[in-house]
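This is what each chain is made of:
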Amino acid sequence: MFHIAEKKEIKQGKVTDVYFQRTVEVLQALGIDSRVAAEVRAAELPEGYDFAVLAGVEEVAELFQGMPVDIEGLPEGTVFYPEEPVLTISGKYPDFAIYETALLGLLCQASGVASKAARCRIAAGERTILSFGARRMHPALAPMIDRSAYIGGCDGVAVVKSAEALGLEPLGTIPHSLILLVGDTLEAARAFDKVVDRAVKRVALIDTFADEKFEALRVAEGLENLYAVRFDTPKTRRGDLLGLLEEVRWELDIRGFKHVKILVSGGLDEYKIARLNPAADAYGVGTALSNAPVINFSLDIVEIEGKPIAKKGKRSGAKRVYQCDRCGKREVATVSAPLQQCRCGGNFKCLSHPLLESGKLVAPLPEVSKIRKYVLEQLRGLDLKLL
Ligand code: PCP
């Protein structure tokens, strides 16, 4: 058996911290079924992050559909900042209390992956980024990890199931195992070229046996429709990887192989990508995405029976997020006091939108490609402080 919770168990509220079950028992014994507003927010973001990207909202809608609750919040893919309420649930607390664990799990991990992907996206500029991280996590999570990485800005995913769910073609290169079994880098690339669908780009892996420079030249001279060479050079041989890439770039170019691209994988993140950009055309990012730091969201009651109340360290009152349509300034305001005009003279636009009303979707959820486009639009205005 696989040690995972099934969809119906998640919908039944079985993936819950027991103290929520006991809280409902106590409230029922006391006859308390107060209507509350509870909001999801992150007090802080992972180290070095100025912003994050919200992901997992589609699964949250799936979790709460059919329940007597209203949910509003930022659309999936919205760039958000600390202290901003990304989602607010309103309803009788005992009706949804046991779902807090699953709710936060869906948002914390997906938003973590999407935010890391967004940082890699900004660092890589227009260069291609492929999500190669599924093998570092439980396979049951691969579609979620790859969806979040795609939303965050990755151009493609390697896993067949994930690509299927996203309506994409899975993208990949050649593993070391094929080269070891064929016994030669060029012969393996040639065999791949003979067998695999012509629509698949020919990317040769060149770090299995000999020096990458000479292997790159051998495959470039030996395989007419070579698209790119992949460097997955082991740490023990990496040394000055940028220097190696630039050297190989030079050798390929002076021999007329300017069209052959350089793809790098292995241990990459936004910082390493920024350093390799002068010579790399594409990246395969794995662990840094699938093992991305989660976004530490918490769910807290901010209103009981319409009255603002919150625990210490938390601002009370149901709130919404606004952005000025002229200067881009972000503000949070209570639902009871909506913002109008910004000091700059621009108008505040409310970014918080209803998702579910009495457990029903208020509007069809956006296609994943639309969510990704929305993220890329927002990332254009952002940059990263990369040390
Ligand atoms: C790894 C594999 C992954 C890459 C590197 C992700 O290479 O190709 O996709 O690495 P990361 O998790 O460090 O970012 P290998 O493990 O050498 O595997 P293979 O021979 O299958 O390419």
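All values reported here derive from a predicted model rather than from experimental measurement.

Caption draft 1: Expanded view of the overall build of the protein. The helix and strand tally for the protein stands at 15 helices and 18 strands. Considered along the principal axes of its C-alpha atoms, the protein spans approximately 75 × 55 × 35 Å. A buried classification covers 48% of the 387 residues belonging to the protein. In the protein, the proportion of contacts linking residues at least 24 apart, taken out of those at least 6 apart, comes to 70%. For the protein, the exposed area adds up to about 19,300 Å²; of that, 54% sits on carbon and sulfur atoms. Taking the average place of the 51 positive charges on the side chains of the protein and the average place of its 52 negative ones, the gap between the two points comes to 2 Å.

Caption draft 2: Region of the structure containing the nonpolar core. If you look at the biggest cluster of nonpolar residues, it comprises 57 residues, and the most contacted ones within it are Val 229, Leu 245, Val 264 and Tyr 283. For this core, the leading source of residues is helix H5 (residues 100–124), giving 8 residues. Of the residues that make up this core, three or more belong to each of domain 1 (7–113 + 293–317 + 352–379) and domain 2 (172–285). When sequence neighbours within four positions are dropped, the list of residues in contact with Val 264 reads Phe 231, Leu 241, Leu 245, Leu 276, Ala 280, Ala 282, Tyr 283 and Gly 284.

Caption draft 3: Representation of the sheet that holds strand E18 (residues 360–361) within the structure. If you walk across this open sheet you meet the 7 strands as E13-E12-E1-E5-E3-E17-E18, and the pairing is antiparallel. Every interior strand has two partners, whereas the edge strands, strand E13 (307–308) and E18, have only one. Where strand E1 (residues 35–42) and strand E12 (residues 297–304) come together, 7 bridges link them in antiparallel fashion. From the neighbouring strand, Ala 42 faces E12, where its bridge partner is Phe 297. Of the strands in this sheet, strand E3 (69–73), strand E5 (87–92), strand E17 (353–357) and E18 touch helix H3 (residues 57–64), which is tilted by about 30° from E17. Docked against the sheet, H5 engages E1, E5 and E12, running at close to 130° with respect to E12.

Caption draft 4: Examining the packing of H3 against H5 more closely. Where H3 meets H5, the axes come as close as 8 Å, and the angle between the chain directions of the two elements is 160°. Accordingly, the angle class assigned to the pair H3 and H5 is roughly antiparallel. The chirality of how H3 crosses H5 is right-handed. Contacts between H3 and H5 involve Val 57, Glu 59, Val 60, Leu 63 and Phe 64 on the former and, on the latter, Ala 102, Leu 103, Leu 106 and Leu 107. When grouped by side-chain class, the residues that make up the contact of H3 with H5 number 8 nonpolar, no polar and 1 charged.

Caption draft 5: Summary view of the site of the ligand. In the vicinity of the ligand, the residues found are Phe 132, Arg 135, Arg 136, Pro 175, His 176, Arg 230, Asp 232, Gly 266, Gly 267, Val 285, Gly 286 and Thr 287. The contact in question runs from an oxygen atom of the ligand to an N or O atom on the side chain of Thr 287, over 2.5 Å. Across the complex, the protein chains shield 79% of the 500 Å² of accessible surface that the ligand would expose by itself. The residue makeup of the shell around the ligand, split by class, is 3 nonpolar, 5 polar and 4 charged.

The rules behind each value
Residues numbered from 1 in each chain as written. Predicted model: local features only at pLDDT ≥ 70, side-chain atom pairs only at ≥ 80, totals over all residues. Heavy atoms only, no water. Helix = DSSP H or I, 4+ residues; strand = E, 2+ residues; numbered from the N terminus. Buried < 20%, exposed > 50% of the residue type's maximum accessible area, 1.4 Å probe, protein only. Contact = heavy atoms within 4.5 Å. Areas by Shrake-Rupley, 256 points an atom, 1.4 Å probe, with all protein chains shown as cover. Lys, Arg positive; Asp, Glu negative; His and termini not counted. Charge placed at Lys NZ, Arg CZ, Asp CG, Glu CD. Core = buried A, V, L, I, M, F, W, Y, C linked by side-chain atoms within 4.5 Å. Domains from an automatic or database assignment. Pairing = 2+ DSSP bridges. Axes fitted to C-alpha atoms, helices over the stretch in contact; angles between N-to-C directions. Parallel < 35°, antiparallel > 145°, perpendicular 65-115°, else oblique. Left-handed = near helix turned anticlockwise from the far one by under 90°. Nonpolar A, V, L, I, M, F, W, Y, C, P; charged D, E, K, R; others polar. Near = heavy atom within 4 Å. Polar contact = N/O pair within 3.5 Å; in protein donor to acceptor, adjacent residues only side chain to side chain.

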